[in-house]
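Structural description and commentary
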Amino acid sequence: MILYMVKRTALGIVIIMLAVTLLYLMIHAVPGDPATVMLGPRATPELIAAMEQRMGLDKPLPMQIVSFFGRVLSGDLGVDVFAERPVAETIVGVLPYTLVLVAAGMSWALLLGVPLGVYSATHPDSWMDKAAGVSSVAFIAMPPFVVGLYALLLFAVTLGWFPVIGGGQEKGWIGQLHHLVLPAFAVGLGWVGYLARLVRASMLEVLAENHVRHARAHGLPHNVILYRYVLRIAILPAVTIIGIGIGAMLSGVVFAEIIFARPGLGKLIFVAVQQRNFPLIMGTVLVTTTLFVIATTLSDILNALLDPRIRSRL
Amino acid sequence: MVEPTGNILQVRNLSVEFKARKRVIKALRDVSLDVPTGKIVGVVGESGCGKSTLILAIMRLLAPNAAITGGEVHFGGRDLLKVPEADMQSLRGTDISMIFQDPLTSLNPVVSIGRQLIDVQYRDRSSLDSKRQRAIQALSQVGIPDPAARMDAYPHEFSGGMRQRIAIAMTIIEEPRLLIADEPTTALDATLEVQIIHELKELQRRYQCSILFVSHHLGVVADLCDYVIVMYAGEVVEQGSVRDLFHDVRHPYTEKLMECDPARIVRSTERSFPTIPGDLPDLVDLPSGCIFGARCHRALQQCAAEAPDTRTVAPGHAVACHLY
């Protein structure tokens, strides 16, 4: 198991390096170089050359990539030449807002979606199951920014229950929590439906397996069978999907961050790409890729902890 | 508890129907049988004859699309078909226990075998440690080597034969009065089959429990059982002691079944595999008359017109056939 964790971590590091290298190459394939964008149309070739040297763009591409990784290892993500401050500082400033939003969005989806799936699977074809089925599909089909916009209109603008914009940066944690409700609702709603459907399907499959009838024949109580014997198997696909989902959400929350004008990683990437702010793009992508890899690695390890069959195959 | 009739289990006129796509499959019709206290009763018949449906109906573990449409199942002075589900659940795993056909899928794959053996003792108020000891003892009784060290192992770490032994260890812990075994050796190879049959005999001898043993392996039934019930297409066609059935066959279907037993084919010089001509009758639209009539080599004229009653041809030996 320890060896497995080490292997997964090593694999994760390789994935991060590959992703960053690929991104580096892709940025350079995009027309428009940052020095020109920054200095404007009237910049002299000397000024542009000086700017490129400051940003490290004058060196050959492989060298740039190697030196980038070298600096990352010492905790230096480079300097954001537009804002004249370290990239790491900019990212650390907004990262908590994104992490809290993703955690809140996924948590409420998990807390509602999984029990809904379990209920549907144990009461198949009941009216609750049918209602949950129809609304789940609707939740999945609705794009998060549409949900965000309507939630904003209804609960913030019309009813005034929640603040309209911002992350509550200047307020205390209760104020920030108040600001979090609508964005978290918007990013999590689709996942409620998705998890409910997923858990229902895999639970029904497991409930039909022979070992469930075996456990019933030995008189085990319904709840023991359901929660200790069945859910533990049925939750495995959901664990994998949640790992990937958290990773995807890290940059996917950009809609919510823009609609609700929240500071965050997604919005930072968006702005950085618009500005061709290379150091910032590299820094934010490195951080999101790392978090993505951490999330999927943790979900793989959790799967192995839950299922001894996976453990023995390692 | 002494059963007034000397039978631990009495099934009377049990009928079960399945609903599938608006069709009603009459899977069991008027099945009656007795399991005498302390005896082993075998149920034989080809695939699809309703053996598994019968025992799942007794255990009240039928799939939701199945309905018990009539009959009684008497156990311990009560009709199991009338007791509330909560009482039924408390009977399962204490008074009645069960071993299933496929040991590879009947244990939970993500729960350690020790935990599963402890879980079946959940009604017991004793300490976790004593439950653990009980589980280890049961494992050693069924011949699992080094049982204490294997408690934390998971089912996939055991072979099929070992897993069936673990399933038997569960029933040993429960010390049931009635054990229902659904083809417990079908998924195992011949050597393991002999060993598992030996374990079942041991269990019966040591705990004096009664066993309802379902199989399509006639050799095993002859070896293990005291009484045999022959089923065909959801009906009991013949029942009696092992001696009656193997030395004084009456029903034409039983006769044919005996001919098809692979053990006999090996002994004969013929290399061809004897089969019973024809197919199982349609259980949605039942034929009139005898259920076996269409395939019977000794059918009389009346067989197609009216269904035969069950007649006692010798003490304890009953046949549903117009020939007797």
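Residues numbered from 1 in each chain as written. Chains lettered and ligands numbered in written order. Predicted model: local features only at pLDDT ≥ 70, side-chain atom pairs only at ≥ 80, totals over all residues. Heavy atoms only, no water.

1. As for the packing of aromatic side chains
Here a ring pair, both rings aromatic, is described through the centre-centre distance and the interplanar angle of the planes. Residues and elements named next belong to chain B. Under the defined criterion, the tally for this structure stands at six aromatic pairs over all chains. A centroid spacing of 5.2 Å and a plane angle of 70° characterise the contact between tyrosine 253 and phenylalanine 292, whose relative ring orientation is edge-to-face. Of the two residues, tyrosine 253 sits in helix 11 (residues 252–259) while phenylalanine 292 sits in the loop between helix 12 (262–267) and strand 11 (310–314), which places them 39 residues apart along the sequence. A residue is classified by how much of its surface remains accessible, and tyrosine 253, at 0% relative accessible area, is buried. (Phe/Tyr/Trp six-rings, centres within 6.5 Å; stacked < 30°, edge-to-face > 60°. Helix = DSSP H or I, 4+ residues; strand = E, 2+ residues; numbered from the N terminus. Buried < 20%, exposed > 50% of the residue type's maximum accessible area, 1.4 Å probe, protein only.)

2. A word on the nonpolar core
One finds Met203(A), Leu139(B), Leu200(B), Phe213(B), Val228(B), Val230(B) and Tyr253(B) to be the most contacted residues of the largest nonpolar core, which totals 103 residues. Ranked by the residues each element gives to this core, the list is headed by helix 8 (residues 173–207) of chain A, at 13 residues. Apart from residues lying up to four places away in sequence, Val230(B) is in contact with Val44(B), Glu235(B), Val236(B), Val237(B), Glu238(B), Leu245(B), Tyr253(B), Thr254(B) and Leu257(B). Listed in part, the 40 residues of the second largest apolar core include Ala217(A), Ile8(B), Cys49(B) and Met88(B). (Core = buried A, V, L, I, M, F, W, Y, C linked by side-chain atoms within 4.5 Å. Contact = heavy atoms within 4.5 Å.)

3. Overview of the layout of surface pockets
Its volume calculated, the largest pocket comes out at about 890 Å³. Considering the residues around the largest pocket, the lining is formed by 29 residues, among which Leu207(A), Arg216(A), Leu62(B), Ala63(B) and Pro64(B) are closest to the centre. If one sorts the elements of the lining of the largest pocket by residue count, helix 9 (residues 210–217) of chain A sits on top with four residues. As a volume, the second largest pocket reaches approximately 680 Å³. As for the second largest pocket, its lining consists of 30 residues, of which Asp30(B), Ser32(B), Val236(B), Gln239(B) and Thr310(B) are closest to the centre. If you tally residues by element for the lining of the second largest pocket, the top one is strand 2 (residues 23–36) of chain B, at six residues. (1 Å grid on protein atoms, 1.4 Å probe; cavity = no way out; pocket = protein on both sides within 12 Å on 5 of 7 lines; lining within 4 Å. Points joined across faces, edges and corners; volume = space filled by probe spheres on them.)

4. Regarding the domain arrangement of chain A
Residues and elements named next belong to chain A. Domain parsing of chain A yields domain 1 (2–87) and domain 2 (92–311). The gap between the C-alpha centroids of domain 1 and domain 2 is 32 Å. The interface of domain 1 with domain 2 comprises 26 residues on the first partner and 20 residues on the second. For the domain 1 face of the interface with domain 2, the top three residues by lost area are Arg8, Ile16 and Ile27, together amounting to 23%. Between aspartate 300 and arginine 8 there is a salt bridge, with the nearest N and O atoms lying 2.5 Å from each other. (Domains from an automatic or database assignment. Buried area = accessible area lost by both parts, 1.4 Å probe. Salt bridge = Lys/Arg side-chain N within 4 Å of Asp/Glu carboxyl O.)

5. Overview of the packing of helix 5 (residues 87–122) of chain A against helix 11 (residues 236–252) of chain A
Residue and element names in this part refer to chain A. Helix 11 packs onto helix 5 with a crossing angle of 140° between their chain directions and a minimal axis gap of 10 Å. As helix 5 packs across helix 11, the resulting crossing turns out to be right-handed. Along its contact with helix 5, which presents Thr98, Leu99, Val102, Gly105, Met106 and Leu110, the element helix 11 presents Ile242, Gly245, Ile246, Met249 and Leu250. Residue composition of the contact of helix 5 with helix 11, grouped by class: eight nonpolar, three polar and no charged. (Axes fitted to C-alpha atoms, helices over the stretch in contact; angles between N-to-C directions. Left-handed = near helix turned anticlockwise from the far one by under 90°. Nonpolar A, V, L, I, M, F, W, Y, C, P; charged D, E, K, R; others polar.)

6. Considering the pattern of salt bridges
One pass over the full model with this rule turns up 23 salt bridges over all chains. For Glu183(B), the salt bridge identified is with Lys51(B), shortest N-O distance 3.3 Å. Of the two residues, Glu183(B) sits in the loop between strand 7 (178–182) and helix 8 (190–207) while Lys51(B) sits in helix 1 (residues 51–59), which places them 132 residues apart along the sequence. Through salt bridges with shared partners, one network takes in Arg228(A), Arg115(B) and Asp119(B).

7. Description of the packing of helix 13 (residues 265–275) of chain A against helix 14 (residues 278–306) of chain A
All names here are of chain A. At a minimum axis separation of 9 Å, helix 13 and helix 14 run at an interaxial angle of 145°. Between helix 13 and helix 14 lies a crossing whose hand is left-handed. Side by side, helix 13 and helix 14 meet where Leu265, Leu268, Ile269, Ala272 and Val273 of the first sit next to Leu280, Ile281, Thr284, Val287, Thr288 and Leu291 of the second. A breakdown of the residues in the contact of helix 13 with helix 14 according to their chemical character gives nine nonpolar, two polar and no charged.

8. A short note on the pairing of strand 12 (residues 317–320) of chain B
Residue and element names in this part refer to chain B. A two-sided burial pattern is seen for strand 12, the buried positions comprising His317 and Val319 on one face and Ala318 and Ala320 on the other. Taken together, the two bridges between strand 10 (residues 235–241) and strand 12 define a ladder with antiparallel strand orientation. Directly across from glutamate 238, in strand 12, lies its bridge partner valine 319. Both strand 11 and strand 12 contribute to a ladder of four bridges, which runs antiparallel. Bridge pairing in strand 12 links threonine 310 to alanine 320. As consecutive antiparallel partners, strand 11 and strand 12 are separated by two residues, and within that stretch glycine 316 has a phi angle of approximately 85°, a positive value. (Pairing = 2+ DSSP bridges.)

9. What about the pairing of strand 1 (residues 7–20) of chain B?
Direction of pairing for strand 1 of chain B relative to strand 2 of chain B: antiparallel, over a ladder of ten bridges. Paired with Ala20(B) across the two strands is Arg23(B), which belongs to strand 2 of chain B.

10. Some details on helix 8 of chain B
Residues and elements named next belong to chain B. Relative to the 26 Å expected for 18 residues at 1.5 Å per residue, helix 8 spans 26 Å between its end C-alpha atoms, a close match to the ideal helical length. All of the buried residues in helix 8 are Glu193, Ile196, Ile197, Glu199, Leu200, Leu203 and Gln204. Relative to the axis of helix 8, the buried residues are bounded by an arc of 155° and lie together on one face. Turned more than 90 degrees off the buried face of helix 8, the exposed positions are Thr191, Val194 and Arg205. Taken from the residues just after helix 8, glutamine 208 is the one with a positive phi, measuring 55°. (Expected span 1.5 Å × (residues − 1). Arc of directions from axis to C-beta.)

11. Quick word on the side chain of Gln204(B)
Residues and elements named next belong to chain B. Along the chain, glutamine 204 falls in helix 8. In this structure the side chain of glutamine 204 is engaged in a polar contact, spanning 2.5 Å, whose partner is the backbone oxygen of glycine 38. Non-local contacts of glutamine 204, meaning those with residues more than four positions away in its chain, are made with Gly38, Lys39, Ile40, Cys209 and Ile211. (Polar contact = N/O pair within 3.5 Å; in protein donor to acceptor, adjacent residues only side chain to side chain.)

12. Quick word on the domain arrangement of chain B
Residue and element names in this part refer to chain B. What the domain assignment reports for chain B is domain 1 (7–95 + 178–320) and domain 2 (105–175). Measuring from the centre of the C-alpha atoms in domain 1 to the corresponding centre in domain 2 gives 30 Å. Tallying the contact residues gives 16 residues for domain 1 and 13 residues for domain 2. Approximately 1300 Å² of surface area, both sides summed, lies buried where domain 1 meets domain 2, with 55% of it carried by carbon and sulfur atoms. Inspection of the domain 1/domain 2 interface yields one salt bridge. The salt bridge involving arginine 165 is made with glutamate 199; its shortest N-O contact spans 3.4 Å. Counting across the domain 1 and domain 2 interface gives seven residue pairs in polar contact (both at pLDDT 80 or more). The greatest single-element share of the side of domain 1 that touches domain 2, amounting to eight residues, is contributed by helix 8. Across the side of domain 1 that touches domain 2, the residue classes break down as eight nonpolar, five polar and three charged.

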